[in-house]
Amino acid sequence: MFDPFAFFESLPDPVRVLVEVAVIIVVAVILRIALQFVIRRIVARVVSGVKKKHNVDDTRELEASPLAAVRLVQRTRSLGSVLNNATTALIVAVTLLLIFNAAVPNATAAFALITAAVGAGLGFGAQNIVKDVLNGIFIVSEDQLGIGDVVDLGLATGVVEDVGIRITQVRDVNGTLWFVRNGEILRLGNMSHGWARVIIDLAVPYDSDVDAIQDRILAVATELAAAPKWKYRILEKPALWGIESISAEAIVVRLVVKTRSTAKDDVARELRLRLKKALDEMGVRLPALNSIQLTGFEGAAGLRSQKANRQKPLPSLGDVAKANAEKAAPTTPKGDG
């Protein structure tokens, strides 16, 4: 009866080492394929379950579904990408260790000493890699971003195409693919989380009927929110925040609409088109803005309470000068003729 173990032991040392190395590589490749197959199946089952539950054929149609379903799909795909990269790195490391042990028998103790020495020498150099890996794991596990999200990483802004264990790939609006190290992500702005807000600052002539224009602007936005095509993309009734800026050239009126994060740009474009047509019907010609520029601070300040400022107004320079003149004027004594 053929004994493979006895036959293996009877082989010359060089041949036995080559056979052992080949077996290790084949087992590692099979294990990697099997693990990636399992990960892909799990991701596919989660995504298919979400699509089946909400009766859609494409995950892009989930924009009209609850937010939790969209985030579940994106988070599952991101975790699948990270797990694939992590399993590949782990299998490669274990395979190299086994190959070294097969090529140099009885060198486990020496290998441990070499590993300690190399680890001590590369400790400072490898800390960036460890930082990238740990930060990437926390970013995905905390659901800070997912594949398909529109994010601002400070270094790059665009759509997340892949989340790796060390690198996150972001495609910007120009088509450039940015490779951002996870350890370099110090701040992360996710524009696909929850909801978005369309902010339209409309400049109207200074001498126009502002009240009538504001009523017309709000009416147009309300009609858009009630339209069958747009009512599922708009989450709340449009709000008119009022006059945002005044200058000699124009009065800037701010209109805001809360939308789904995936529909912000579409709603903004449609709303601008309808506002343009409405103002044309009213005969309002928008002035050319040369000096009006609204900054991010003014936009952020608008998120605070919309209550009126109840503080007393500061006195003008004219009032101060008049009061000082009255105090300094000499008083005329009574009774002298």
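As a reminder, the structure under discussion sits directly above these lines.
About the criteria used
- Residues numbered from 1 in each chain as written.
- Predicted model: local features only at pLDDT ≥ 70, side-chain atom pairs only at ≥ 80, totals over all residues.
- Heavy atoms only, no water.
- Helix = DSSP H or I, 4+ residues; strand = E, 2+ residues; numbered from the N terminus.
- Buried < 20%, exposed > 50% of the residue type's maximum accessible area, 1.4 Å probe, protein only.
- Contact = heavy atoms within 4.5 Å.
- Areas by Shrake-Rupley, 256 points an atom, 1.4 Å probe, with all protein chains shown as cover.
- Salt bridge = Lys/Arg side-chain N within 4 Å of Asp/Glu carboxyl O.
- Pairing = 2+ DSSP bridges.
- Axes fitted to C-alpha atoms, helices over the stretch in contact; angles between N-to-C directions.
- Phe/Tyr/Trp six-rings, centres within 6.5 Å; stacked < 30°, edge-to-face > 60°.
- Lys NZ or Arg CZ within 6 Å of the ring centre and 35° of its normal.
- Core = buried A, V, L, I, M, F, W, Y, C linked by side-chain atoms within 4.5 Å.
- Patch = residues over 30% accessible without salt bridge, like charges linked within 9 Å, V, L, I, M, F, W, Y side chains within 5 Å.
- Expected span 1.5 Å × (residues − 1).
- Arc of directions from axis to C-beta.
- Parallel < 35°, antiparallel > 145°, perpendicular 65-115°, else oblique.
- Left-handed = near helix turned anticlockwise from the far one by under 90°.

Chemist: Report on the overall build of the protein chain, specifying residues and quantitative values.
Modeler: When helices and strands are tallied, the protein chain shows 9 helices and 8 strands. Counting the 337 residues in the protein chain, one finds 30% classified as buried. A sequence separation of at least 24 residues applies to 64% of the contacts in the protein chain between residues at least 6 apart. Total accessible area computed for the protein chain in this model is approximately 22,400 Å², and 61% of it derives from carbon and sulfur atoms.

Chemist: Describe the pattern of salt bridges, listing the residues and the values that go with them.
Modeler: Counted under the stated rule, the structure contains 13 salt bridges. Its salt-bridge partner being D132, residue R181 comes within 3.0 Å of it at the nearest N-O pair. Linking R181 in strand β4 (residues 177-181) with D132 in helix α5 (residues 127-141), this pair joins segments that are 49 residues apart in sequence. The class for D132 is buried, based on a relative accessible area of 1%. Here D280 makes a salt bridge to K276, at a shortest N to O gap of 2.7 Å. Placement of the pair is D280 and K276 together in helix α7 (residues 264-282), with a separation of 4 residues, close to one helical turn. One salt-bridge network, in which partners are shared between bridges, spans D132, R166, R181 and E184.

Chemist: I'd like a rundown of the sheet that holds β4, residues and numbers included.
Modeler: Taken in spatial order, the 5 strands of this open sheet run β4-β3-β2-β1-β5, and their pairing is antiparallel. Edge positions in the open sheet fall to β4 and β5 (189-190), since each of these has one partner strand only. With 4 bridges connecting them, strand β2 (residues 157-163) and strand β3 (residues 167-171) associate as antiparallel partners. Directly across from V163, in β3, lies its bridge partner T168.

Chemist: I'd like a description of the sheet that holds strand β7 (residues 239-246), backed by residues and values.
Modeler: Strand pairing in a sheet relies on backbone hydrogen bonds. The paired strands run either parallel or antiparallel. Pairing is antiparallel in the open sheet, where 3 strands are placed in the order β6-β8-β7. In this open sheet, the two strands that pair with only one neighbour each are β6 (195-205) and β7. Between one strand axis and the next, the sheet turns through 25 degrees on average, direction left out of account. One ladder, built from 6 bridges, connects β7 with strand β8 (residues 250-260); its direction is antiparallel.

Chemist: Before we move on, can you summarise the packing of aromatic side chains with the specific residues and values?
Modeler: Aromatic ring pairs are reported here in terms of the distance separating the ring centres and the angle at which the planes meet. Counting across every chain of the model gives 0 aromatic pairs. The ring of W230 carries the charged tip of R233 above its face, separated from the ring centre by 4.8 Å. Sitting over the ring of W195, K258 keeps its end group 4.2 Å from the ring centre.

Chemist: Lay out the nonpolar core in plain terms, naming residues and giving numbers.
Modeler: Residues I234, V267, L271 and L275 are the most contacted members of the largest nonpolar core, which totals 25 residues. Looking at this core, the elements with two or more residues in it are β6, α6 (210-226), β8 and α7. Look past the residues within four positions of V267 in its chain and what remains in contact with it is V198, L224, W230, R233, I234 and T259. Within the second largest apolar cluster, 12 residues are counted, among which are V140, L145, V151 and V160.

Chemist: Talk me through a nonpolar patch on the surface; I want residue IDs and the actual numbers.
Modeler: Together, V15, V19, V23 and V27 give the surface a local cluster of nonpolar side chains, amounting to about 290 Å² of exposed area. Overall, V19 belongs to the partly exposed group, its relative accessible area being 32%.

Chemist: For the pairing of β2, give the residues involved together with the corresponding values.
Modeler: By the bridge criterion, 3 bridges tie strand β1 (residues 150-152) to β2 in an arrangement that is antiparallel. Bridge pairing in β2 places V151 opposite G158. What sits between the antiparallel neighbours β1 and β2 is a turn of 4 residues, in which G154 has the positive phi angle 85 degrees. Linkage of β2 to β3, two consecutive antiparallel strands, is achieved through a turn of 3 residues.

Chemist: Break down α6 for me, with residues and values.
Modeler: With 17 residues, α6 extends 24 Å between its outermost C-alpha atoms, agreeing within 8% with the 24 Å of an ideal straight helix rising 1.5 Å per residue. Taken together, the buried positions of α6 are V210, I213, Q214, I217, V220, A221, L224 and A225. Looking down the long axis of α6, one finds its buried residues gathered within 140 degrees of arc, a one-sided arrangement. α6 presents D211, D215 and A226 as exposed residues on the side facing more than 90 degrees away from its buried surface.

Chemist: Account for the packing of α6 against α7, with residues named and values stated.
Modeler: Remark: α6 packs on α7, axes separated minimally by 10 Å, with the N-to-C direction vectors making an angle of 140 degrees. Taken together, α6 and α7 sit at an angle that is classed as oblique. Seen along the crossing, α6 lies across α7 with a hand that is right-handed. Contacts between α6 and α7 involve A212, I213, R216, I217, V220, A221, E223 and L224 from the former and V267, E270, L271, R274, L275, A278, L279, E281 and M282 from the latter.

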